[in-house]
Amino acid sequence: MMDGPVGYSFSTSENQEMIRRMVRDFADKNIRPKLMEWDEAQYFPVEVFKQLGELGLMGVLVPEVYGGSGFGYQEYVDVIVEVAKVCGSVGLSVAAHNSLCTGHILAFANEEQKQKWLPKLATAEWIGAWGLTEANTGSDALRMMTTAVLEGDEYVINGAKNWITHGKTGDIAVVMVRTGDKGDSKGISAIVVERGTPGFSAGKKENKLGMRASETTEMIFDNCRVPKENLLGKEGEGFKQAMKVLDGGRISIAALSLGIARGAYEAAVAYAKQRHQFGQPIANFQGISFKLADMATEIEAAELLIRQAADLKNRGLPMSKESAMAKYFASEVAVRCATEAVQIFGGYGYTKDFPVEKFYRDSKLCTIGEGTSEIQKIVIAREVLKN
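So, how was this worked out
- Residues numbered from 1 in each chain as written.
- Predicted model: local features only at pLDDT ≥ 70, side-chain atom pairs only at ≥ 80, totals over all residues.
- Heavy atoms only, no water.
- Buried < 20%, exposed > 50% of the residue type's maximum accessible area, 1.4 Å probe, protein only.
- Helix = DSSP H or I, 4+ residues; strand = E, 2+ residues; numbered from the N terminus.
- Arc of directions from axis to C-beta.
- Contact = heavy atoms within 4.5 Å.
- Core = buried A, V, L, I, M, F, W, Y, C linked by side-chain atoms within 4.5 Å.
- Pairing = 2+ DSSP bridges.
- Phe/Tyr/Trp six-rings, centres within 6.5 Å; stacked < 30°, edge-to-face > 60°.
- Expected span 1.5 Å × (residues − 1).
- pLDDT = per-residue confidence, 0-100.
- Disulfide = S-S within 2.5 Å.
- Axes fitted to C-alpha atoms, helices over the stretch in contact; angles between N-to-C directions.
- Parallel < 35°, antiparallel > 145°, perpendicular 65-115°, else oblique.
- Nonpolar A, V, L, I, M, F, W, Y, C, P; charged D, E, K, R; others polar.

The name given to the chain in an unreviewed UniProt entry is Alkylation response protein AidB-like acyl-CoA dehydrogenase, and the organism recorded there is Pedobacter africanus.

Quick look at the structure:
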C-alpha cells in the first residue's frame, strides 16, 4: 500500500458474511465427504459445479441481467477462499471458470456475444475454458504456434493448447490464436470456440501432483472452422485482452492460495491443541507455537495484499503491480503454510488420512499457474522501476 489510492474498508459487509456462510455450508456438505475420492480418481465433479451454478457462484462477477450474481471482487475472493479451505481442486476450477473464460467474455465481448454466452456460463449450464498456454511457449505467449486464418466468414484454427483447465469437459473456450506475425503483440486475437465444433477436440489429460480433481488437458484444433462473429473485440487485440484478464486471474490464484493456507493452518492449530507429547499439548512447545505464529502472520499479510488488489479492481484502477504482489506472496505463503502443517502433524501429516498432505500437494501449483512466481517478480519490478 505504498502509493496509489486504497479505499478498502476492513469491515465485512452483510453480503460477504452471507456468502461465506453459504459457501462454507455447501463445501462441508457437498465437497468435504468426497474430496479424497475425487483426488485419487482424478475425477472432475461436474455435478458439484452445476450445484454451485444454481447458487450463483459460477457467475459471481456477472451482472444479474446476464444471469449472474452481480457481486464485486471482495465477494469473489470470499467464494474462492471458502472453497479452497476445503478443496484446492474445486477452488481452482471455480476460479478458472469465473475469472478466465467468463471474465474474458464479460470484459471484451460485444452485447450480442454477452447475451449469447454469459447466461449459460453464469449458471454453469456451460463450463468454461481459457486457452493461452502451449507446450513450447509457456510464459512466452507471443511465440504461440496456434493460428487462425480468415477464410470468407470463418476463421480456420490449427494448433494445440496445453495445461488447459476444463480442456475436455468445458462447453466453451476462449482461445488465443495467432492472426499475425510470431512475436508481434498485435498479431494475437481471442476467439470463442464452442464444444462440438468440428475439428475441436481434447488431447492428453495431465496426471498431476496436486489439484487432481480439477481437469487439466490439451485442446487440439485441426482445421477447426469458427464463425468470424466469435472474435472478441478486434483482430490483434487478443494479447492485450489476455494480459488484462490475467491481472484479474492473479487475484483468483491469490485467493485460492489464501484458502489453501488457511485450511492448512486451521488443521495445524486444531491438531497442535489435541496432540499430546511429554504430558502436554504440542501447541505448548515453542517450536510448534512459533510455526503457528509465522503462519498466522503471513496469512494476514497475504489477505491484506489480496484485498488491496480486489479493491483497485472493483474501482477500475490500475492494479498490475498489486495483483502480481498478491499472487506472488500468497502463493508462496500457501506452500510455506502447507509445508509447516505437514511438519506439525509429523508422520500423520504424510498420510492421506489427514488433510494436510493434500494441502501440501495442491499448494505448489499456486506458484506456477497463471504466471510463475518469477514472472510475478518481473511484473512487479517493471512496475516499481517505471518512475
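(A) Just helix H3 (residues 46-54), in detail. Within H3 the residues assigned to the buried category are Val48, Phe49, Leu52 and Gly53. Seen end-on, H3 carries its buried residues on one side only, within an arc spanning 145 degrees. Looking at the buried residues of H3, the elements they touch are helix H1 (14-31), helix H2 (35-41), helix H5 (88-108) and helix H6 (111-122). Count one or two residues on from H3 and you reach glycine 56, which has phi positive near 85 degrees.

(B) Structural view of the nonpolar core. In terms of nonpolar packing, the biggest core is built from 71 residues, with Ile31, Leu52, Val90, Leu256 and Ile344 touching the most fellow members. Here this core takes 14 residues from helix H7 (residues 238-274), the largest share from any one element. When near neighbours in sequence (up to four residues on either side) are disregarded, isoleucine 31 contacts Phe26, Trp38, Val48, Val83, Val86, Cys87 and Val90. One finds Tyr66, Trp117, Trp126 and Val174 within the second-largest nonpolar core, a separate group that totals 27 residues.

(C) Region of the structure containing the pairing of strand S4 (residues 172-178). Of all seven residues in S4, seven are buried, a share of seventy percent or more. Both faces of S4 are covered, namely the face carrying Ile172, Val174, Met176 and Arg178 and the face carrying Ala173, Val175 and Val177. Inspection of the sheet shows strand S1 (residues 128-131) paired to S4 by four bridges, in the parallel sense. Within S4, the residue paired with glycine 128 across the bridge is isoleucine 172. Examined bridge by bridge, S4 and strand S5 (residues 188-194) share seven bridges and lie antiparallel to one another. Opposite arginine 178, over in S5, you have isoleucine 188 as the bridge partner.

(D) Inspection of the packing of aromatic side chains at higher detail. The tally for this structure, following the rule as stated, stands at eight aromatic pairs. Judged by centre distance (5.0 Å) and plane angle (25 degrees), the rings of phenylalanine 44 and phenylalanine 49 are stacked. Overall, the relative accessible area of 7% leaves phenylalanine 44 in the buried class. Between phenylalanine 200 and phenylalanine 221, the ring centres sit 5.0 Å apart and the planes meet at 5 degrees, which makes this aromatic pair stacked.

(E) Region of the structure containing the environment of valine 269. Relative to the elements of secondary structure, valine 269 occurs in helix H7. For the pair valine 269 and phenylalanine 10, spaced 259 residues apart in sequence, the C-alpha to C-alpha distance is 25 Å.

(F) Region of the structure containing the pairing of S5. Of all seven residues in S5, six are buried; the element is thus mostly enclosed. Bridge count for S5 against strand S8 (residues 231-232) is two bridges, and the pairing is antiparallel. Among the inter-strand pairings, isoleucine 191 is bridged to a residue of S8, identified as leucine 231.

(G) Structural detail: H1. With 18 residues, H1 should reach 26 Å at 1.5 Å per residue; the first-to-last C-alpha distance of 25 Å fits that figure. What H1 keeps buried is the set Gln16, Ile19, Arg20, Val23, Phe26, Ala27, Asn30 and Ile31. One face of H1 carries all of its buried residues, which in axial projection span an arc of 140 degrees. Exposed positions of H1 whose direction lies more than 90 degrees from the buried face are Glu14, Asp25 and Lys29. Turning to H1, the residues buried within the fold contact H2, H3, helix H4 (73-84), H5 and helix H8 (286-314).

(H) Here's a closer look at the confidence of the model for the chain. For the chain, the average pLDDT comes to 96, and 98% of its residues sit at 70 or higher. Across residues 1-5, confidence stays below pLDDT 50; counting only partners more than four residues off in sequence or on other chains, it has eight contacts.

(I) Highlighting the state of the cysteines. As enumerated under the stated definition, the model contains zero disulfides in all. Free cysteine: cysteine 87, not disulfide-bonded; nearest cysteine sulfur from cysteine 366 at 12 Å. Under the relative-accessibility criterion, cysteine 87 is labelled buried at 1%. Cysteine 101 takes part in no disulfide bond, and the closest cysteine sulfur to it belongs to cysteine 224, at a distance of 15 Å.

(J) Just the packing of H4 against H5, in detail. Between H4 and H5, the least distance of the axes is 7 Å, while the angle of their chain directions is 155 degrees. Considering their axes alone, H4 and H5 lie roughly antiparallel with respect to each other. For the pair formed by H4 and H5, the contact residues are Tyr76, Val79, Ile80, Val83 and Ala84 on the first element and Gly88, Val90, Gly91, Val94, Ala95, Asn98 and Ser99 on the second. Of the residues belonging to the contact of H4 with H5, the class tally is eight nonpolar, four polar and no charged.

(K) Spatial organisation of the environment of arginine 275. Along the chain, the position of arginine 275 falls in the loop between H7 and strand S9 (276-277). In this structure, the C-alpha to C-alpha distance between arginine 275 and phenylalanine 345, residues 70 residues apart in sequence, is 8.7 Å. In this structure arginine 275 touches Gln280, Pro281, Ile282 and Tyr348, once residues within four positions along its chain are discounted.

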